Amino acid sequence: MTQETGGFAALDLNPNIVAAVLATGYEEPSAIQQQSIPIILAGHDMIGQAQTGTGKTAAFALPILNKIDVSKREPQALILAPTRELALQVATAFETYAKQMPGVNVVAVYGGAPMGPQLRAIRNGAQIVVATPGRLCDHLRRDEKVLSTVQYLVLDEADEMLKLGFMDDLEVIFKAIPESRQTVLFSATLPSSIRSIAERHLREPKHVKIQSKTQTVTAIDQAHLMVHADQKIPAVLRLLEVEEFDALIAFVRTKQATLDLASALEAKGYKAAALNGDIAQNQRERVIDSLKDGRLDIVVATDVAARGLDVPRITHVFNVDMPYDPESYVHRIGRTGRAGREGRALLLVTPRERRMLQVIERVTGQKVAEARLPNAQAVLDARIKKLTNSLAPLVADAEASHGDLLDRLTEALGCSPRALASALLRKATNGQALDLASVEREQPLVPTYTPRERGERTERAERPDRGDRERRAPMPLAEGRVRCRTALGARDGIAAKNLLGAILNEGGLARDAIGRIQVRDSFSLIELPEEGLERLLSKLKDTRVAGKQLKLRRYRED
Ligand code: ADP
Ligand code: MG
């Protein structure tokens, strides 16, 4: 299926970049990539608006790699990202896409790590610098020339950077980069604050907006589950225990993911196969025929590879990785519910992808209800039901054919029929866990959380001050969380977003690791994970917020 790779090959990128992208397992550029890459290559400033998960990183990373001069060992591209976590992700993505371009150096610059080595890495020939604004400004204070060779500037997740209070830092950074630069801004939303930045600092920017048209979904039972990215395979395995499916298609984003999931499924005894753009046409047809006639029950596919796949047996569509847009979601789940059958569509959503779920709901005009991962009891019940069903057709006449043998064996073994039947069950079930304790042991609980719980946390973090003064009684803490206190409060000009920003950047925490933030007049309370607290506090030792030392301490309310 080589025509699919035409997508990237047709983009006028250096063949080494295309090769690395294809080796990563991408088959086709996403919409934002398709539209942004030519604009950035042509040297225009650009504003790109698209939801999380639409592939924005490659949309700027590929053309920038194409433009840098590898022989020059000085910073040429600067990418600003809101948090340490995102900066590291972007830096890693650059490294992946530059795998076949020797001499490319990428440095990530963020708080919570010593400054010296970062500055040295910049001076020692990194062409690409990925940074959080706060820490980059610290470097600028030490060396105001450090960005003077930058020609390409990207603001990634610009709306998030503003929410975290980086506006002033951004202005400092703009000033430190030559005006002849090319500037690209990506954001999920374009509030007026972002438009005003664009007006002041971008030159005749081209706009790219990935917007979705309304879609209609036929009667398919849809649900979503919140999982962390590294828990997807265990979550799928557990869901499959209780879902009663005939044939199932699981969608993932990359070739590697098709292979990983298909082999995890095979290891659990499912008849599963991978379908991706590397698979030759005749082999692809064999896979589809096998799914049709029941030699296979599960196919794990990328969108491209599943194109045109129409198998009436499919009762379930499993969106293991998010689709890029609502259209492809609707397209994917349309694989089930064919020929008047009942269909079911499940969607795994990671914390970063919540917004895409909302877009899907808005565009389809339907709620995708939240489901919970089945607990051990539900898994056990499902296993026993399957076992019962598999034995049901035998009990009617097995006694006639095997009853005498049973008598002989019980006599020879000197055991009761119950003992013998138990032994046969153990043998027939092949070591499968069939009591509650064993099922619990076998399946460590995959943590999930509801969007409602998460929504409450972020909302409070972003709109901190409302009601804080009234709500004096300490709220109960979530499990694994402790409360920390700083003597900085509203009278020091502190808002929750400043605290959140500082802790995210300097502490290197994921955003959902930080719980409620309460800003009072003369102090603030912040809920943080108990695990690793000592290390976190020592990382934050020298952190300043609004010009004052944060001095965060564990707070014991007694
Ligand atoms: P965004 O910045 O829009 O949130 P990312 O750039 O982080 O999105 O990409 C989200 C995920 O999609 C990443 O895992 C990335 O590797 C993957 N991805 C990006 N582009 C493609 C593509 N063309 N084909 C397959 N996977 C892709
Ligand atoms: Mg991104």
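Just so it is clear, the structure is predicted and the values come from calculations on it, not from any experiment.

Engineer: Explanation requested: the overall build of the protein in the structure shown.
Structural biologist: For the protein, the helix and strand inventory stands at 22 helices and 20 strands. For the protein, the spread of C-alpha atoms along the principal axes amounts to about 90 × 65 × 45 Å. Within the protein, counting contacts between residues at least 6 apart in sequence, those at least 24 apart form 77% of the total. Accessible area of the protein: about 26,500 Å², with a carbon and sulfur share of 50%. The positive charge centre, built from 78 side chains, and the negative charge centre, built from 72, are 5 Å apart in the protein.

Engineer: Just checking my understanding: could you explain unusual backbone geometry for this structure?
Structural biologist: What you tend to see is this: most non-glycine residues have negative phi, and most peptide bonds are trans. The residue glutamate 204 is not glycine, and still its phi comes out positive at about 40°. Residue placement: glutamate 204 occurs in the loop between helix 10 (192–201) and strand 7 (206–209). The exposed category is assigned to glutamate 204, whose relative accessible area is 73%. Despite not being glycine, lysine 551 shows a phi value in the positive range, around 45°. Mapped onto the fold, lysine 551 is located in the loop between strand 19 (548–549) and strand 20 (553–554).

Engineer: It is not clear to me how helix 15 (residues 354–364) should be interpreted in this structure. Could you clarify?
Structural biologist: An α-helix turns once per 3.6 residues; consequently, residues spaced three or four apart project the same way. Where helix 15 is concerned, the buried positions are Met356, Leu357, Val359, Ile360, Glu361, Val363 and Thr364. Turning to helix 15, the residues buried within the fold contact strand 8 (221–226), helix 14 (326–333) and strand 13 (344–349). Positive backbone phi, approximately 65°, marks glycine 365, located one or two places after helix 15.

Engineer: Where do I start with a nonpolar patch on the surface in this structure?
Structural biologist: A contiguous nonpolar patch, built from Leu391, Leu394 and Leu425 and spanning about 240 Å² of accessible area, is present on the exposed surface. Along the chain, leucine 394 falls in helix 16 (residues 376–395). Residue leucine 394 is classed as partly exposed on the basis of its relative accessible area of 47%.

Engineer: Where do I start with the pattern of salt bridges in this structure?
Structural biologist: Pairing is possible between side chains of opposite charge, provided their charged atoms come close. This structure, assessed with the given rule, holds 25 salt bridges. The closest approach of N and O atoms between glutamate 361 and lysine 367, which form a salt bridge, is 3.2 Å. Residue classification places lysine 367 among the exposed residues on the basis of a relative accessible area of 67%. In this structure, glutamate 527 and arginine 481 form a salt bridge, with 3.9 Å as the shortest nitrogen-oxygen distance. Of this pair, glutamate 527 sits in strand 17 (residues 524–529) while arginine 481 sits in strand 15 (residues 481–486); the two residues are 46 residues apart in sequence, bridging distant segments of the chain.

Engineer: Is there a simple way to think about the site of ligand 1 in this case?
Structural biologist: Of all residues adjacent to ligand 1, which total 16 residues, the nearest are Tyr26, Gly53, Thr57, Arg253 and Tyr324. Arginine 253 is positioned such that a nitrogen or oxygen atom in its side chain is 2.6 Å from an oxygen atom of ligand 1. At 3.3 Å from an oxygen atom of ligand 1 is found a side-chain nitrogen or oxygen belonging to arginine 352. Computed on the free molecule, ligand 1 has an accessible area of 570 Å², of which 82% lies beneath the protein chains in the complex. When the residues that make up the shell around ligand 1 are grouped by side-chain class, the tally is four nonpolar, eight polar and four charged.

Engineer: Just to check I follow, could you spell out the packing of helix 11 (residues 232–242) against helix 12 (residues 255–267) for this structure?
Structural biologist: For any two helices packed against each other, the geometry is given by the interaxial angle and the distance between the axes. Following both chains from N to C, one finds helix 11 and helix 12 inclined at 45°, their axes separated by 11 Å at the closest point. When the axis of helix 11 is compared with that of helix 12, the two are oblique. For the element pair helix 11 and helix 12, the recorded crossing hand is right-handed. Side by side, helix 11 and helix 12 meet where Ile233, Val236, Leu237 and Leu240 of the first sit next to Asp260, Leu261, Ala264 and Leu265 of the second.

Engineer: Got a minute to help me understand the packing of helix 4 (residues 56–67) against helix 5 (residues 84–97) in this structure?
Structural biologist: Where helix 4 meets helix 5, the axes come as close as 10 Å, and the angle between the chain directions of the two elements is 50°. On the basis of their axis angle, the class for helix 4 and helix 5 is oblique. Seen along the crossing, helix 4 lies across helix 5 with a hand that is right-handed. Here helix 4 contributes Thr57, Ala58, Phe60, Ala61, Leu62, Ile64 and Leu65 to the contact with helix 5, which in turn contributes Val90, Ala93, Phe94 and Tyr97. Here the residues of the contact of helix 4 with helix 5 sort into 10 nonpolar, one polar and no charged.

Engineer: What is the right way to look at a negative patch on the surface in this model?
Structural biologist: Taken together, the side chains of Glu399, Asp404, Asp407 and Glu411 make up a negatively charged region of the molecular surface. Counting through the fold element by element, aspartate 407 comes out in helix 17 (residues 398–413).

Engineer: Explanation requested: the sheet that holds strand 17 in the structure shown.
Structural biologist: Whether parallel or antiparallel, the strands of a sheet pair through hydrogen bonds between backbone atoms. With antiparallel pairing, four strands are arranged side by side in an open sheet as 16-17-15-20. This sheet does not close on itself; its edge strands, each paired only once, are strand 16 (517–519) and strand 20. Running over the sheet, helix 21 (residues 496–507) touches strand 15, strand 16 and strand 17 and is turned about 135° from strand 16.

Reading guide: rules and limits
Residues numbered from 1 in each chain as written. Chains lettered and ligands numbered in written order. Predicted model: local features only at pLDDT ≥ 70, side-chain atom pairs only at ≥ 80, totals over all residues. Heavy atoms only, no water. Helix = DSSP H or I, 4+ residues; strand = E, 2+ residues; numbered from the N terminus. Contact = heavy atoms within 4.5 Å. Areas by Shrake-Rupley, 256 points an atom, 1.4 Å probe, with all protein chains shown as cover. Lys, Arg positive; Asp, Glu negative; His and termini not counted. Charge placed at Lys NZ, Arg CZ, Asp CG, Glu CD. Buried < 20%, exposed > 50% of the residue type's maximum accessible area, 1.4 Å probe, protein only. Patch = residues over 30% accessible without salt bridge, like charges linked within 9 Å, V, L, I, M, F, W, Y side chains within 5 Å. Salt bridge = Lys/Arg side-chain N within 4 Å of Asp/Glu carboxyl O. Near = heavy atom within 4 Å. Polar contact = N/O pair within 3.5 Å; in protein donor to acceptor, adjacent residues only side chain to side chain. Nonpolar A, V, L, I, M, F, W, Y, C, P; charged D, E, K, R; others polar. Axes fitted to C-alpha atoms, helices over the stretch in contact; angles between N-to-C directions. Parallel < 35°, antiparallel > 145°, perpendicular 65-115°, else oblique. Left-handed = near helix turned anticlockwise from the far one by under 90°. Pairing = 2+ DSSP bridges.

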